[in-house]
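Each chain is listed here by its residues.
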Amino acid sequence: MASGHRHLRRGALEHEDAATLSLGEEFVNSQCLYISEVRILLEAQQDSKESGNENRPTTSITTKTLDYVRTFSRFTNRDSVREIRQLLGKDDLAQFEVAQLANLCCEDAEEAKALIPSLAHKIDDEKVQELLNEMLTIKKFQG
């Protein structure tokens, strides 16, 4: 919702705020995928269709989404995508934070904490910088 509020029963409001990881009830136990993971899934689906293993027609939304994730995907092969998920899964980060770190691929901790405010009091700058450096190394050496 544009206002960041959601109506609950009896008129109470639930405030949605990514800075505090209050993303709404439906995100409490949800796995967040980052753009590179979505690209891999959509490309696998497309390959399955092309090989005749899947009958569903490709929609314009699927095609546009695939174009989008190919454009904005930071990690281009399955191994690097898997490495990033393992790297970011080591720390006590929320799924939303993991996805944002992978999508943004920031160069320094200050930038990451400015763009993902929930990290500010959760993890120190040195640890964030270490994660970012490892991510940039994986990105640099992917095939």
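Bear in mind the structure is a predicted one, so any value in this text is a computation, not a measurement.

Asks: Please explain the packing of helix α1 (residues 35–50) against helix α2 (residues 60–72) as it appears in this structure.
Replies: Geometrically, a packed helix pair is captured by the angle between its two axes and the distance between the axes. Following both chains from N to C, one finds α1 and α2 inclined at 135°, their axes separated by 9 Å at the closest point. In terms of orientation, α1 lies oblique with respect to α2. When you trace α1 past α2, the crossing you get is left-handed. Residues Ile35, Val38, Arg39, Leu42, Glu43, Gln45 and Gln46 of α1 form the contact with α2, whose participating residues are Thr62, Thr65, Leu66, Tyr68, Val69, Arg70 and Phe72. For the contact of α1 with α2, the per-class residue count stands at 7 nonpolar, 4 polar and 3 charged.

Asks: Where do I start with the nonpolar core in this structure?
Replies: In a soluble, globular protein the nonpolar side chains are often hidden away together inside. Membership of the largest hydrophobic core comes to 26 residues, with the highest contact counts inside it found for Phe75, Ile84, Leu88, Leu101 and Met135. If you list the elements that add at least two residues to this core, you get α3 (78–89), α4 (95–104), α5 (109–115) and α6 (125–140). For Leu88, the contacting residues outside a window of four places in its chain are Leu93, Val98, Leu101, Ala102, Leu131 and Met135.

Asks: Please clarify how the environment of Leu132 should be interpreted in this entry.
Replies: Relative to the helices and strands, Leu132 resides in helix α6. Those residues within four positions of Leu132 in sequence are excluded, and the remaining contacts are Leu101, Cys106, Glu107, Asp108, Ala109 and Ala112.

Cut-off values and rules
Residues numbered from 1 in each chain as written. Predicted model: local features only at pLDDT ≥ 70, side-chain atom pairs only at ≥ 80, totals over all residues. Heavy atoms only, no water. Axes fitted to C-alpha atoms, helices over the stretch in contact; angles between N-to-C directions. Helix = DSSP H or I, 4+ residues; strand = E, 2+ residues; numbered from the N terminus. Parallel < 35°, antiparallel > 145°, perpendicular 65-115°, else oblique. Left-handed = near helix turned anticlockwise from the far one by under 90°. Contact = heavy atoms within 4.5 Å. Nonpolar A, V, L, I, M, F, W, Y, C, P; charged D, E, K, R; others polar. Core = buried A, V, L, I, M, F, W, Y, C linked by side-chain atoms within 4.5 Å. Buried < 20%, exposed > 50% of the residue type's maximum accessible area, 1.4 Å probe, protein only.

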